[in-house]
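Here's the letter readout for the chains.
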Amino acid sequence: MQQRFCACGCGIWVQYLFPNMNCQIIFKSEKDRTEDYLVKCPCCGKKINIDILH
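Rules used throughout
- Residue positions within a chain follow its written sequence, with the count starting from 1.
- Per-residue local features are limited, in this predicted model, to residues with pLDDT of at least 70; the limit for side-chain atom pairs, both in listing and counting, is 80 or more; totals at the level of whole chains, interfaces and linings are taken over all residues.
- Where side-chain values are given, they derive from all heavy atoms of the structure, hydrogens and water being excluded.
- By the convention used here, strands pair only if DSSP detects at least 2 bridges between them.
- Elements are defined by DSSP. Helices are runs of H or I of four residues or more, strands are runs of E of two residues or more, and each kind is numbered from the N terminus.
- Axis definition: a line fit to C-alpha positions, over the contact stretch in the case of helices; interaxial angles, taken between N-to-C directions, run 0 to 180 degrees.
- Only protein chains enter the calculation, and the probe is 1.4 Å; a residue is then buried if its accessible area is under 20% of its type maximum, exposed if over 50%, and partly exposed in between.
- Contacts are assigned to residue pairs with any non-hydrogen atoms lying within 4.5 Å of each other.
- Nine residue types can take part in a nonpolar core, namely buried Ala, Val, Leu, Ile, Met, Phe, Trp, Tyr and Cys, and a core is a set of them joined through side-chain atoms within 4.5 Å.
- For the purposes of these results, a polar contact is taken to be a pair of N or O atoms within 3.5 Å, where, inside protein, one atom must be able to donate a hydrogen and its partner to accept one; residues adjacent in sequence count only when each atom of the pair is a side-chain atom.

Q: Where do I start with the sheet that holds strand β3 (residues 24-29) in this structure?
A: Working definition: the strands of a sheet are paired by backbone hydrogen bonds and lie parallel or antiparallel to each other. If you trace the three strands from one edge of the open sheet to the other, you get β1-β2-β3, paired in antiparallel fashion. Among the strands making up the open sheet, the edge pair consists of β1 (2-5) and β3. Each neighbouring strand pair of the sheet contributes to a mean axis angle of 40°, computed without reference to strand direction. Judged from the six bridges that link them, strand β2 (residues 11-17) and β3 form a sheet pairing that is antiparallel. Pairing of W13 across the sheet is with K28, part of β3.

Here's what the structure looks like:
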């Protein structure tokens, strides 16, 4: 996993999975790092896209 940041500064963990060579990207919260997958930033609510994370 690697840590990236939303434009608002919120830390988001990114995990890449490659089942059968089909890349899947999973976003997790920095605070609890539970198995809950994120779709939106927990701080600003913006939809998470790997291309906009820093």
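There is more to say, and it comes next.
Q: Explain the environment of F27 to me, please; I cannot follow it from the model alone.
A: Along the chain, F27 falls in strand β3. F27 gets classed as buried once you look at its relative accessible area, which sits at 10%. Counting along the chain gives eleven residues from F27 to Y16, while the straight-line C-alpha distance between them is 9.0 Å. Setting aside anything within four residues of it in sequence, one finds F27 in contact with I12, W13, V14, D36, Y37, L38, I48, N49, I50 and L53.

Q: Hey, could you run me through the nonpolar core in this one?
A: A general feature of soluble globular proteins is that nonpolar side chains tend to end up buried together. Among the nonpolar cores identified, the biggest contains ten residues, and these are C6, C10, I12, V14, F27, L38, C41, I48, I50 and L53. The contacts of C41, once residues within four sequence positions are left out, are C6, C8, C10, K46 and I48.

Q: What's the story with the pairing of β2 in this structure? I'm lost.
A: Pairing of β1 with β2, which is carried by four bridges, proceeds in the antiparallel orientation. Bridging across to β2, Q3 finds its partner in W13. Connecting β1 to the next strand, β2, in antiparallel fashion are five residues, including G9 with a positive phi near 100°.

Q: Whenever I open this one, the side chain of K28 confuses me. Can you help?
A: Structurally, K28 is set in strand β3. At 3.3 Å, the side chain of K28 and the side chain of Q15 are in polar contact.

Shape is all these values report; function is a separate question.
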